[in-house]
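Single-letter residue listing:
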Amino acid sequence: MARRTYIDMSIEPTLYPKIENFVNKTGAVTKEQIIRFFRVHHKDTVEWCLERLVCNPRINYSEREKKFFPRVPTIRSKEGAEAMDKAIWILAEFGDTRIRDFMAVGYPQSLLIITTDNNVYDITVMNSLNVDVIKTVIPFYRKLNTPGYEGENGDFEEMPDMINHIALLSTKSLADKIRGSYFSCYCTLNPQTHTPEYHEF
């Protein structure tokens, strides 16, 4: 066990289930992502909780992949798992104190995030291999999943879209391909820090 310089035992009982829930809902997550998400707590406290969760055992850890997993594995395609790994960096940057809830959603989106100030975000991860397919699928996917109501003339009318749609691109050069494709904004990940960097179209 690594030597810890500081462990806040008063916060540990409440943090313990939060971290377990975070691992279970993301399906696969690195220590760095967990520490960034729970950065309001001391790093040593977070690491101590992770060690306890693995030893109990409440979650699994793969030394080969350097990731934490739920006891019951989450089944995803290779593409889906890679997209989720990238989307988690956006979730981690929000941080625990700003998140009311989040959930994994079906392709082509990766995550749906609800913040404490009642804003809703969804994250779609795209690269040069799938951007053309996804930008075509997205309008139909959203139309099928947008609730509506019967208007004054008996016509079906869609509810206003209140979700902030974030496109996470592998490179800024893909931005022109999705311009006008219903996304609120796009971002890339800093290659060194994995911090989301947001850009305007």
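For the structure itself, look to the data block above.
Residues numbered from 1 in each chain as written. Predicted model: local features only at pLDDT ≥ 70, side-chain atom pairs only at ≥ 80, totals over all residues. Heavy atoms only, no water.

(A) Fine view of the overall build of the chain. The helix and strand tally for the chain stands at six helices and ten strands. Taken across its 201 residues, the chain has 41% of its residues classed as buried. Excluding contacts between residues fewer than 6 apart, the proportion of contacts in the chain whose partners are at least 24 apart in sequence is 53%. When the accessible area of the chain is evaluated, it comes to approximately 11600 Å², of which 53% is carbon and sulfur surface. (Helix = DSSP H or I, 4+ residues; strand = E, 2+ residues; numbered from the N terminus. Buried < 20%, exposed > 50% of the residue type's maximum accessible area, 1.4 Å probe, protein only. Contact = heavy atoms within 4.5 Å. Areas by Shrake-Rupley, 256 points an atom, 1.4 Å probe, with all protein chains shown as cover.)

(B) Up close: the sheet that holds strand 5 (residues 120-126). Here we have six strands laid out as an open sheet, ordered 3-4-5-8-9-10, and mixed in their pairing. Two strands in the sheet have a free side with no partner beyond their single neighbour: strand 3 (99-104) and strand 10 (196-199). Each strand of the sheet is rotated relative to its neighbour by a mean of 25°, with strand direction disregarded. Of the strand pairs in this sheet, strand 4 (residues 109-115) and strand 5 are connected by five bridges, and their pairing is antiparallel. When the bridges of strand 5 are listed, Gln109 appears paired with Thr124. The sheet strands contacting helix 4 (residues 78-94) are strand 3, strand 4, strand 5, strand 8 (163-169), strand 9 (185-189) and strand 10, and the helix crosses strand 4 at an angle near 15°. (Pairing = 2+ DSSP bridges. Axes fitted to C-alpha atoms, helices over the stretch in contact; angles between N-to-C directions.)

(C) Quick peek at the pairing of strand 4. Burial of strand 4 is extensive: six of the seven residues sit out of reach of the surface. Where strand 3 folds back on strand 4, the antiparallel hairpin that results is connected by four residues. Where strand 4 folds back onto strand 5 in an antiparallel hairpin, the turn is made up of four residues, including Asn118, whose phi is positive at roughly 65°.

(D) Broad picture of the nonpolar core. Grouped together as the largest cluster of nonpolar side chains are 34 residues, with contacts concentrated most on Ile19, Phe22 and Ile34. Looking at this core, the elements with two or more residues in it are helix 1 (12-26), helix 2 (31-37), helix 3 (43-55), helix 4, strand 3, strand 4, strand 5 and strand 8. Per element, the largest residue contribution to this core is eight residues, and it comes from helix 4. The residues touching Ile34, leaving out its near neighbours within four places in the chain, are Ile19, Phe22, Val23, Val29, Val46, Leu50 and Phe68. One finds Met126, Ile134, Ile138 and Leu169 within the second-largest nonpolar core, a separate group that totals eleven residues. (Core = buried A, V, L, I, M, F, W, Y, C linked by side-chain atoms within 4.5 Å.)

(E) Inspection of the pairing of strand 1 (residues 59-62) at higher detail. Across four bridges, the pairing between strand 1 and strand 2 (residues 67-70) is antiparallel. For Tyr61, the partnering residue across the bridge sits in strand 2 and is Phe68.

(F) Molecular detail of the pattern of salt bridges. Under the defined criterion, the tally for this structure stands at twelve salt bridges. Close ionic contact of Lys66 with Glu63 constitutes a salt bridge, the shortest N to O distance being 2.2 Å. Under the relative-accessibility criterion, Lys66 is labelled partly exposed at 43%. When its relative accessible area of 51% is taken as the criterion, Glu63 is described as exposed. (Salt bridge = Lys/Arg side-chain N within 4 Å of Asp/Glu carboxyl O.)

Purely spatial values, then, with no claim about function.
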